[in-house]
Amino acid sequence: MESSSRVVIAGGGAAGFFAALACAEANPKASVQIFERAPEVLAKVRVSGGGRCNVTHACFEPEELVKNYPRGGRELLGPFHRFQPRDTVAWFEERGVKLKTEDDGRMFPVTDSSQTIIDCLLNETKRLGVKVRKGCGIAEILKKHDAFNVWLTEDGMIECDRLLLATGGTRGSKGHGLAESLGHTLSPPVPSLFTFHVDDPRVHALAGISVPNARVKIPGTDLEESGPLLITHWGLSGPSILKASAWGARLLAERDYKFPLQIQWVADHDHKQMMNVIHDARMHYSRKHVALWSPVGIPQRLWERLVTAASINPDITWNTLSKTGAIALAHEVCAGEYKVAGKTMFKEEFVTCGGVVLKEVDFRTMESRVCTGLHLAGEVLDIDAVTGGFNFQSAWTTGWLAGQAMAEMK
């Protein structure tokens, strides 16, 4: 790319910033500008992980990493061999930001503050001469031979040689419309990470109670996930629920978010194993009250609800529990069915399924296959992941690849 080369980036999020920095560092002669229509940049970085910023995940094998992407995993395998979480960690540490790994694999800055990540990215734009324009988006794009005419929402029109769409994937994303205007097709966006509305006496008024490893299934489908499960004021959340919502994003949207949910409150105990546990409890803890002691470590208040749901008198002891009662209790613990009546977006990790169809993008360079000189990165593409830092990693990776490609000399 010649010294006069002009690069315009639509979107001041993780992918847009990383692309801008990669491009400016690889080609200091390039003029790189970021345009963000919102009043502030890096908004999702700020709120991620409860304000701590879940930068990435400590999964350093690309073949394992891609298993966390309901959409885009196959396409990301090659890119992750070029830039993966280990590279993300190194990139930030080289710029003075050390990351730490939590027990579940999520990685955060040691400061536990997203501002640390924001400051790092903003400082790099200043160091490298990248211009950042807030409150000014892109309204229209016209391809003109080997360049683009770009009309801004403020201040008229500019020209550029390379253009990156990194506007995110929310419903109604301006980037989707711009991509369509340049010849791309879209997979319609629907929510990906969301919690389940459940109004059921078994979980009513138990907000804040969680189990460390539950298994959730949606009967009649192949959807089945395990992991921590949290009871909330409106229903159910936690990693097991969020993973199910991600893998079932389109299916659950088609069902208007109304469907049955089967819960195995202790993931490593199926019905047969639970019956064995109950048998042991009747033998060895005969005088304990069934309602007051759980043999599988389920939180007490939840356990009491499950005992009640099994129509067991709370006053009986384990040695007087009938076989019918034992079977009913095992069913409640291992296969109780709950009616889901809607969804709530998981605000900290707002993600959508859908976007620019992946076959229309060259994942070696993130360049469009239908519009030369146009690149795409982040959630404007039909890529999304489960919660845990994986969505940011795809943004860093696709942004870095796009930036490298846009910096190449021509």
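Residues numbered from 1 in each chain as written. Predicted model: local features only at pLDDT ≥ 70, side-chain atom pairs only at ≥ 80, totals over all residues. Heavy atoms only, no water.

Would you mind showing me how to read the sheet that holds strand β7 (residues 138-144) here?
Sheet strands pair via backbone hydrogen bonds, and the direction of the pair is either parallel or antiparallel. One open sheet accounts for three strands, arranged β7-β8-β9; its pairing is antiparallel. Each having just a single partner strand, β7 and β9 (157-160) make up the two edges of the open sheet. Going across the sheet, the axis of each strand differs from the next one's by a mean of 25°, ignoring polarity. As judged from the four bridges shared by strand β8 (residues 147-152) and β9, these two strands associate in the antiparallel manner. Of the residues in β9, the one forming a bridge with F148 is C160. (Pairing = 2+ DSSP bridges. Helix = DSSP H or I, 4+ residues; strand = E, 2+ residues; numbered from the N terminus. Axes fitted to C-alpha atoms, helices over the stretch in contact; angles between N-to-C directions.)

Explanation requested: the packing of helix α1 (residues 14-26) against helix α13 (residues 390-407) in the structure shown.
In a packed pair of helices, the relevant descriptors are the angle between the two axes and the axis-to-axis distance. The interhelical angle for the contact between α1 and α13, taken along N-to-C directions, is 35°, at an axis separation of 7 Å. The two elements α1 and α13 cross, and the hand of that crossing is right-handed. For the pair α1 and α13, the contacting residues are A14, A15, F18, A19, A22, C23 and A26 in the first and F392, A395, W396, G399, W400, G403, Q404, M406 and A407 in the second. Classifying every residue of the contact of α1 with α13 by side-chain character gives 13 nonpolar, three polar and no charged. (Left-handed = near helix turned anticlockwise from the far one by under 90°. Contact = heavy atoms within 4.5 Å. Nonpolar A, V, L, I, M, F, W, Y, C, P; charged D, E, K, R; others polar.)

What exactly am I supposed to notice about the nonpolar core here?
Soluble globular proteins tend to bury their nonpolar side chains together. By size, the foremost hydrophobic cluster in this structure holds 82 residues, and its most contacted members are F92, L121 and L163. The element that contributes the greatest number of residues to this core is α1, accounting for ten residues. With residues near it in sequence (within four places) discarded, F92 still touches F18, V55, V97, I117, C120, L121 and W396. Listed in part, the 50 residues of the second largest apolar core include I218, I241, V340 and C353. (Core = buried A, V, L, I, M, F, W, Y, C linked by side-chain atoms within 4.5 Å. Buried < 20%, exposed > 50% of the residue type's maximum accessible area, 1.4 Å probe, protein only.)

Looking at this structure, I do not really get the sheet that holds strand β13 (residues 210-217). What am I missing?
Pairing is antiparallel in the closed barrel, where six strands are placed in the order β12-β15-β14-β13-β16-β17. Ignoring which end each strand starts from, the neighbouring axes of this sheet average 50° apart. Across the sheet, helix α12 (residues 323-335) touches β16 (259-264) and β17 (336-345), and the angle it forms with β16 is around 110°.

Just to check I follow, could you spell out the pairing of strand β5 (residues 106-109) for this structure?
Note on strand geometry: in a regular strand, side chains alternate between the two faces of the sheet. As paired elements, strand β3 (residues 56-57) and β5 share two bridges and run antiparallel to each other. Note on β5: the bridge partner recorded for H57 is R106. With three bridges connecting them, strand β4 (residues 99-101) and β5 associate as antiparallel partners. Paired with K100 across the strands is F108, a residue of β5. Counted along the chain from β4 to the antiparallel partner β5, the turn is four residues long, and its residue G105 has a positive phi close to 95°.

Could you clarify how one ought to interpret the layout of surface pockets in this entry?
A probe as big as a water molecule, rolled over the atoms, marks out the empty space that is left. When its volume is computed, the largest pocket comes out at roughly 680 Å³. Forming the walls of the largest pocket are 36 residues, and the residues nearest its centre are G13, E36, A166, T167 and G168. Contributions of two or more residues to the lining of the largest pocket are made by α1, β2 (31-36), α2 (43-51), α7 (174-181) and α13. Taken together, the residues of the lining of the largest pocket break down into 17 nonpolar, 13 polar and six charged. (1 Å grid on protein atoms, 1.4 Å probe; cavity = no way out; pocket = protein on both sides within 12 Å on 5 of 7 lines; lining within 4 Å. Points joined across faces, edges and corners; volume = space filled by probe spheres on them.)

I would appreciate a short explanation of the packing of aromatic side chains in the present structure.
How two aromatic rings sit relative to each other is given by the distance of their centres and the angle of their planes. Taken as a whole and judged by the stated rule, the model has 17 aromatic pairs. Here the aromatic rings of F392 and W396 are separated by 5.7 Å at their centres, their planes lie at 20°, and the arrangement is stacked. With F392 and W396 both in helix α13 and four residues apart, the pair spans about one turn of that helix. As far as burial versus exposure is concerned, F392 and W396 are alike and both buried. Chaining the aromatic ring pairs together yields one cluster made of F18, F83, W91, F92, F392, W396 and W400. The positively charged end of R95 is found above the aromatic ring belonging to W91, 3.9 Å away from the centroid. The positively charged end of K143 is found above the aromatic ring belonging to F148, 5.1 Å away from the centroid. (Phe/Tyr/Trp six-rings, centres within 6.5 Å; stacked < 30°, edge-to-face > 60°. Lys NZ or Arg CZ within 6 Å of the ring centre and 35° of its normal.)

What exactly am I supposed to notice about α2 here?
Because each turn of an α-helix spans 3.6 residues, side chains separated by three or four positions end up pointing in the same direction. Along α2, the residues classified as buried are V45, S48 and G49. Buried residues of α2 fall within an arc of 50° about the axis and therefore sit on the same side. Next to the buried residues of α2 lie α1, β5, α6 (114-128) and α13. In the segment just after α2, C53 is the residue with positive phi, at about 70°. (Arc of directions from axis to C-beta.)

I keep staring at the pairing of strand β10 (residues 162-165) and nothing clicks. Help me out?
The two faces of β10 match: R162 and L164 on one face and L163 and L165 on the other face are all buried. Sheet topology places strand β1 (residues 6-10) next to β10; four bridges connect them, and they run parallel. Bridged to I9 within β10 is L164. Two strands pair when backbone bridges link them, and β10 and strand β21 (residues 374-376) are joined in this way by three bridges, in the parallel orientation. In the strand pairing of β21, L164 is matched with H375.

I'm lost on a nonpolar patch on the surface in this one. Help?
A contiguous nonpolar surface patch, about 250 Å² in accessible area, is contributed by L142, W151 and M157. By the secondary structure assignment, M157 is in strand β9. Judged by relative accessible area, M157 falls into the partly exposed class, the value being 36%. (Patch = residues over 30% accessible without salt bridge, like charges linked within 9 Å, V, L, I, M, F, W, Y side chains within 5 Å. Areas by Shrake-Rupley, 256 points an atom, 1.4 Å probe, with all protein chains shown as cover. Salt bridge = Lys/Arg side-chain N within 4 Å of Asp/Glu carboxyl O.)

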